[in-house]
Structures are given as structure tokens and as C-alpha cells.
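Reading the structure
Each chain is listed here by its residues.
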Amino acid sequence: VIDNNGDNNTWIYYSLSSYARYNYSSSKNADDYLITPKLNLKKETNYKVTFEYQTTSSSYAQKLKVLLGKEATADAQIILLRDFNNITQSSFTIATIYFTVDEDDDYNLSLYCYSDYNKRNFNIRNLKIEEITALPGAVTDATITPDADKELKATLTWTNPVLNHLGTTLFPSDLTKIEIYRNDV
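What counts as what
Residues numbered from 1 in each chain as written. Predicted model: local features only at pLDDT ≥ 70, side-chain atom pairs only at ≥ 80, totals over all residues. Heavy atoms only, no water. Salt bridge = Lys/Arg side-chain N within 4 Å of Asp/Glu carboxyl O. Helix = DSSP H or I, 4+ residues; strand = E, 2+ residues; numbered from the N terminus. Buried < 20%, exposed > 50% of the residue type's maximum accessible area, 1.4 Å probe, protein only. Polar contact = N/O pair within 3.5 Å; in protein donor to acceptor, adjacent residues only side chain to side chain. Contact = heavy atoms within 4.5 Å. Patch = residues over 30% accessible without salt bridge, like charges linked within 9 Å, V, L, I, M, F, W, Y side chains within 5 Å. Areas by Shrake-Rupley, 256 points an atom, 1.4 Å probe, with all protein chains shown as cover. Core = buried A, V, L, I, M, F, W, Y, C linked by side-chain atoms within 4.5 Å. Pairing = 2+ DSSP bridges. Phe/Tyr/Trp six-rings, centres within 6.5 Å; stacked < 30°, edge-to-face > 60°. Lys NZ or Arg CZ within 6 Å of the ring centre and 35° of its normal.

This brings us to the pattern of salt bridges. Applying the stated rule across the entire model yields 8 salt bridges. Taking the shortest distance from any N to any O, the salt bridge between lysine 63 and aspartate 116 comes out at 3.3 Å. Of this pair, lysine 63 sits in strand S7 (residues 62–69) while aspartate 116 sits in the loop between strand S10 (105–113) and strand S11 (122–132), placing them 53 residues apart in sequence. In this structure, lysine 153 and glutamate 151 form a salt bridge, with 3.9 Å as the shortest nitrogen-oxygen distance.

By secondary structure assignment, the location of threonine 10 is in the loop between strand S1 (2–3) and strand S2 (11–14). Judged by its relative accessible area of 14%, threonine 10 is buried. Side-chain polar atoms of threonine 10 contact the side chain of aspartate 32, separated by 2.9 Å. Among residues more than four places away in sequence, those in contact with threonine 10 are Val1, Ile2, Asp3, Arg21, Tyr22, Asn23 and Asp32.

Next up on the list: a nonpolar patch on the surface. On the surface, a cluster of nonpolar side chains totalling about 540 Å² of accessible area is made up of Val139, Ile144, Leu156, Trp158, Ile178 and Ile180. With respect to the helices and strands, the residue isoleucine 180 is situated in the segment after strand S13 (154–159).

Residues Phe51, Leu64, Phe84, Phe122 and Ile124 are the most contacted members of the largest nonpolar core, which totals 26 residues. Of all elements in the fold, only strand S3 (19–22), strand S5 (39–41), strand S6 (46–55), S7, strand S8 (77–87), strand S9 (93–99), S10 and S11 reach the threshold of two or more residues within this core. In this structure leucine 64 touches Trp11, Phe51, Arg82, Asp83, Phe84, Ile87, Leu111, Tyr112, Cys113, Tyr114, Phe122 and Ile124, once residues within four positions along its chain are discounted. Ile2, Ile35, Ala74 and Tyr114 belong to the second-largest nonpolar core, a separate cluster that totals 7 residues.

Across 2 bridges, the pairing between S1 and strand S4 (residues 32–35) is antiparallel. When the bridges of S4 are listed, isoleucine 2 appears paired with tyrosine 33. Alignment of S4 against S10, held across 4 bridges, turns out to be antiparallel. When the bridges of S10 are listed, tyrosine 33 appears paired with tyrosine 112.

Tallying each qualifying case throughout the model produces 10 aromatic pairs. With 5.5 Å between their ring centres and 25° between their planes, tyrosine 47 and phenylalanine 99 make a pair best called stacked. Of the two residues, tyrosine 47 sits in strand S6 while phenylalanine 99 sits in strand S9, which places them 52 residues apart along the sequence. In this structure tyrosine 47 comes out as buried when scored by relative accessible area, which is 4%. Exposure remark for phenylalanine 99: the relative accessible area of 4% places this residue in the buried category. Their ring planes at 55° and their centres at 6.2 Å tell us that phenylalanine 51 and tyrosine 53 sit as a pair that is tilted. Grouping residues by exposure puts phenylalanine 51 and tyrosine 53 together as buried. A network of ring pairs unites the aromatic residues Trp11, Tyr22 and Phe122 as a single cluster. The lysine or arginine in question, lysine 65, covers the ring of tyrosine 114, its NZ or CZ lying 5.1 Å from the ring centre. Stacked on the ring of tyrosine 60, the Lys or Arg arginine 120 has its end atom at 5.1 Å from the ring centre.

None of the figures reported here should be taken as evidence of function without further support.
As C-alpha cells, then:
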């Protein structure tokens with residue numbers, strides 16, 4: 001936990017309900033990080049972060065950035081995964097973020113609360129980070145050209161996908177072959 005603005009209002013573990021809570025300040029904007037231990041992440045690997053979030057009052061919008069960094073410091077949290085800049089859900093809501101990294105290394109994931117002052121408490125629970133298998137996205141520019149001599153054959157052309165079904169980069173290892181079927185054969 002980093003109380004970056006030094007106001008003594010920061011993330012705590014709220015044991016009564018088993019979640020992390022940002023305790024708001026009535027005079028300073030939030031500037032507080034909840035940072036994971038080191039995660040050994042690999043390039044050309046797809047990851048998914050999920051967690052549940054909730055503001056204690058839908059009248060007070062919260063702001064949260066999900067970040068990555070290579071050290072457990074505020075200044076190192078420079079890779080933005082998602083910015084939730086208007087959270088008003090007063091019941092727990094699931095967030096899902098897909099991401100990759102550019103190089104093999106150890107990273108820290110952080111939940112950075114930057115809400116305006118006096119916006120009440122903000123809760124996070126069930127944070128999970130996992131490696132996932134991504135499937136290739138759809139091919140594009142697919143065409144079928146019948147045989148010019150009217151034989152029972154055709155030429156198929158297409159452009160292979162560059163994104164996976166998650167919308168992130170399709171790595172060479174994600175696409176090992178292409179199979180074409182007609183009537184399940």
C-alpha cells in the first residue's frame with residue numbers, strides 16, 4: 001500500500017467483509033496504490049485480470065486505474081491497463097481486463113485510486129490474475145473464386161487474423177495451422 005499524498009487515508013484490509021477498502025479523505029483527493037507482490041509475466045502470453053469493485057454510495061463517483069510497473073513504487077506504475085474514471089456501482093461489479101506485456105520480466109500490478117476528495121469509501125475484492133489461452137480471431141477478406149474451366153473446384157483466399165478473440169495481439173504461436181471444412185469434412 002502506498003499513501004502517495006500522505007494523508008493517512010488509504011487502502012486497508014476490511015476483515016469484517018473480506019475486501020480491500022480505500023478510506024476516503026474529506027480534504028484531499030485520493031492518491032493511493034494497492035500493489036501486488038511481483039508477478040513473473042512473459043511476452044507473447046495472454047493474461048486476464050478480474051476483480052470486483054463497489055463504491056459505498058452511487059452518488060459519489062470513484063476513479064480507479066489498473067496499472068503495471070516493474071517496481072512496487074508509485075513512480076514505476078507506468079503501464080495503463082484500464083482507467084475506470086466514473087465508478088458509481090454501489091453493488092459489487094466484476095471488472096475483466098485482458099493484457100500482454102512487451103518483455104519477460106517481473107511486474108507489479110496496482111490498483112490506483114485517484115478519486116476526488118470526500119467521495120466516500122471504495123471497495124475491491126476477489127482480485128485474480130491468470131494466464132489464458134487466446135483463440136485466433138476471424139479471417140478477413142475471404143473470397144471464393146470458382147474454377148475458370150467449370151470444374152468442381154475453387155480457389156480460396158483470405159487474410160490471416162492479426163488479433164485474437166480477446167482483441168489483443170495474435171502471436172505466431174497462437175496460429176499454428178488453418179483447416180478448411182465443408183459439410184463437417
